[in-house]
Amino acid sequence: MLEFGPTSVCTTKPAALTNATQFRIALPADAEALAGLHTLSWQRNYRGILPDTVLDGALYDEHLAVWRKRLSSSTPERQFFLLAVQEDAVVGFVSVLLDLDPEWGARLENLHVHPRNQGRGLGRELLQRARAWVAGAAPGQPLHLWVLAANAPALAFYDRLGGRAVQNNLWELPSGHKVSEIRYQWPTRAAGTGG
Ligand SMILES: CC(C)(COP(=O)(O)OP(=O)(O)OC[C@H]1O[C@@H](n2cnc3c(N)ncnc32)[C@H](O)[C@@H]1OP(=O)(O)O)[C@@H](O)C(=O)NCCC(=O)NCCS
């Protein structure tokens, strides 16, 4: 049974994306809630794309280890972990790492909205806030990400938000499975501008 930290994953009917949604930087105490939503989102949205053995294995523990490590980083200024919170429950998050792939710019490494909160503008808001952070923290850098090629809803979302598909790749999982992915990129955005 999963246990969550002070800010837990949403389990009740969510409020709309209005004044009820607050955005804040993740703290070390949020690792469990982040791992919980991260795992739930993979299991709900990547079924049939990633192998069941990955989705039903030790995924929560793996995500928890990732989040604990990230949230205790010695270079917090090089990363951005933003939570969307409703009534103390994490309903979405975005993460950006500046140094994963400098050739392509800042890497948007994760973007997940709780299944019950999707389609209300939360993903757009998180992506825009991530772009605004990059413009301030790494002026002149574009933003890029990898998305699973079979994740059609996410491709439509990124297309809608002005991303450009720029590269294909075969991602080899630790299990040996290979999955097609597509790199999307957004051009540089000047600090303090909208869009
Ligand atoms: C992809 C995801 C982040 C989008 O977040 P969301 O909150 O559902 O999207 P929004 O409501 O902010 O949508 C923003 C725009 O994209 C469009 N859009 C979103 N999903 C879409 C879809 N499946 N098909 C077509 N358009 C879509 C919306 O219509 C909206 O456009 P509009 O403002 O012109 O109406 C969210 O659905 C999610 O968490 N998916 C599962 C995890 C995932 O795949 N993450 C991406 C990993 S790379």
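In this text, all values refer to a predicted model and were calculated from it rather than measured experimentally.

The rules behind these values
Residues numbered from 1 in each chain as written. Predicted model: local features only at pLDDT ≥ 70, side-chain atom pairs only at ≥ 80, totals over all residues. Near = placed C-beta within 6 Å. Helix = DSSP H or I, 4+ residues; strand = E, 2+ residues; numbered from the N terminus. Nonpolar A, V, L, I, M, F, W, Y, C, P; charged D, E, K, R; others polar. Pairing = 2+ DSSP bridges. Right-handed = clockwise from strand over helix to strand, strands pointing away.

Draft legend 1. Looking closely at the site of the ligand. Taken together, 20 residues lie around the ligand, and Q118, G123, R124, P153 and A156 are the ones closest in. Listing elements by their share of the shell around the ligand, those giving two or more residues are α1 (31-45), β5 (106-113), α4 (122-137), β6 (143-148) and α5 (152-160). Residues of the shell around the ligand, tallied by class, amount to nine nonpolar, eight polar and three charged.

Draft legend 2. Just the pairing of β6, in detail. For β5 and β6, the ladder comprises two bridges, and the chain directions are parallel. Bridge pairing links R107 to H144 in β6. Regarding topology, α4 serves as the crossover connection from β5 to the parallel β6, and that connection is right-handed. As paired elements, β6 and strand β8 (residues 178-186) share six bridges and run antiparallel to each other. Across the sheet, the residue bridging to V147 is I182, located in β8.

Just distances and angles here, no functional claims.
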